[in-house]
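Chain by chain, the residues:
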Amino acid sequence: MTTTSPSELSEAYIALGANLGDREATLMQAISELQKHPEIEVLRCSNLYETDPVGYLDQPCFVNMAVAVRTSLDPEALLAFMLDIELRLGRERTIRFGPRTVDLDLLWAGGRVLDTPLLTLPHPRMMERAFVLIPLADIVPEGEPSGLFERIHNALDNLDGKEGVRFWKTCNWHSASALSES
Ligand SMILES: Nc1ncnc2c1ncn2[C@@H]1O[C@H](COP(=O)(O)O)[C@@H](O)[C@H]1O
Ligand SMILES: Nc1nc2c(c(=O)[nH]1)N=C(COP(=O)(O)OP(=O)(O)O)CN2
């Protein structure tokens, strides 16, 4: 059983990145695919940032962003759906940290801590990545009940690499999805 009762609906945060093909279109498509799931509601989208590659340098710049979702799926089922979206949008796994049409990482799910062969929560590298934290800071409200706001802002205070993350554009997902449905 992959669902929880309605009273256990929780907010989760997902990082998205793309550096092959039409990066913005693919990111908007990924968000639309999330929203199409009957147990996922996309609540907020960050701005889009163009970012220098980290980890494997010989590849194009990424566009990175983050979304907040409300879901009754458990984190494993949410991740499985995210990996399926990646596959449908042409993700191929060749080089570690290498180029991809789209990447979806589950960052945070109500402060839950998990370490299974398939899923680690919080995402183990999120607090050291400016390309994750800067978009995430756009959409995590002060007072977020599991303490994520303070964690992000403490990490950002001491983080290297922020100059490699440049505001690119605002997210037009709502207007883009309204247009594609009309
Ligand atoms: N928190 C996580 N978010 C995404 N993927 C995760 C997480 N914890 C473990 N994984 C596993 O990592 C790979 C996907 O790696 P990417 O290169 O980031 O796509 C997948 O096997 C997940 O089960
Ligand atoms: N600017 C930028 N650089 C990156 C990006 C990214 O989104 N933006 N993703 C990476 C992470 O790759 P991967 O998801 O394969 O690794 P992970 O399992 O550590 O998240 C590696 N480097």
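Definitions and cut-offs
Residues numbered from 1 in each chain as written. Chains lettered and ligands numbered in written order. Predicted model: local features only at pLDDT ≥ 70, side-chain atom pairs only at ≥ 80, totals over all residues. Heavy atoms only, no water. UniProt positions renumbered as here; feature names shortened; annotations may be inferred. Near = heavy atom within 4 Å. Polar contact = N/O pair within 3.5 Å; in protein donor to acceptor, adjacent residues only side chain to side chain. Areas by Shrake-Rupley, 256 points an atom, 1.4 Å probe, with all protein chains shown as cover. Salt bridge = Lys/Arg side-chain N within 4 Å of Asp/Glu carboxyl O. Helix = DSSP H or I, 4+ residues; strand = E, 2+ residues; numbered from the N terminus. Buried < 20%, exposed > 50% of the residue type's maximum accessible area, 1.4 Å probe, protein only.

- Per an unreviewed UniProt entry, the protein goes by the name 2-amino-4-hydroxy-6-hydroxymethyldihydropteridine diphosphokinase and belongs to Paenibacillus phoenicis.
- For the record of the protein, the UniProt heading Pathway (unreviewed entry) holds the text "Cofactor biosynthesis; tetrahydrofolate biosynthesis; 2-amino-4-hydroxy-6-hydroxymethyl-7,8-dihydropteridine diphosphate from 7,8-dihydroneopterin triphosphate: step 4/4."
- The UniProt entry for the protein carries the following text under Catalytic activity (unreviewed entry): "6-hydroxymethyl-7,8-dihydropterin + ATP = (7,8-dihydropterin-6-yl)methyl diphosphate + AMP + H(+)".

**Notes on the site of ligand 2**
Here is step 1 of the chain: Taken together, 14 residues lie around ligand 2, and Thr51, Asp52, Val54, Arg125 and Arg129 are the ones closest in.
Here is step 2 of the chain: In the environment of ligand 2, an oxygen atom lies 3.1 Å from a nitrogen or oxygen atom belonging to the side chain of Asp105.
Here is step 3 of the chain: A distance of 2.7 Å is found between an oxygen atom of ligand 2 and a side-chain nitrogen or oxygen belonging to Arg129.
Here is step 4 of the chain: When ligand 2 is considered free in solution it has 490 Å² of accessible area, and contact with the protein chains removes 90% of it.

**Section: the pattern of salt bridges**
Here is step 1 of the chain: Across all of its chains, the model carries 12 salt bridges by this definition.
Here is step 2 of the chain: Salt-bridge contacts for Glu24 lead to Lys169; the nearest nitrogen and oxygen are separated by 2.9 Å. With Glu24 in helix 1 (residues 23-36) and Lys169 in strand 8 (residues 165-169), this residue pair connects regions lying 145 residues apart in the sequence.
Here is step 3 of the chain: For Lys36, the salt bridge is made with Glu33, and the minimal N-O distance between the two is 2.9 Å. Here Lys36 and its partner Glu33 are both found in helix 1, 3 residues apart, which amounts to about one turn of the helix.
Here is step 4 of the chain: We classify Lys36 as exposed; its relative accessible area is 59%.
Here is step 5 of the chain: Overlapping salt bridges, with partners in common, bring together Glu86, Arg91, Arg93, Arg100 and Asp103 in one network.

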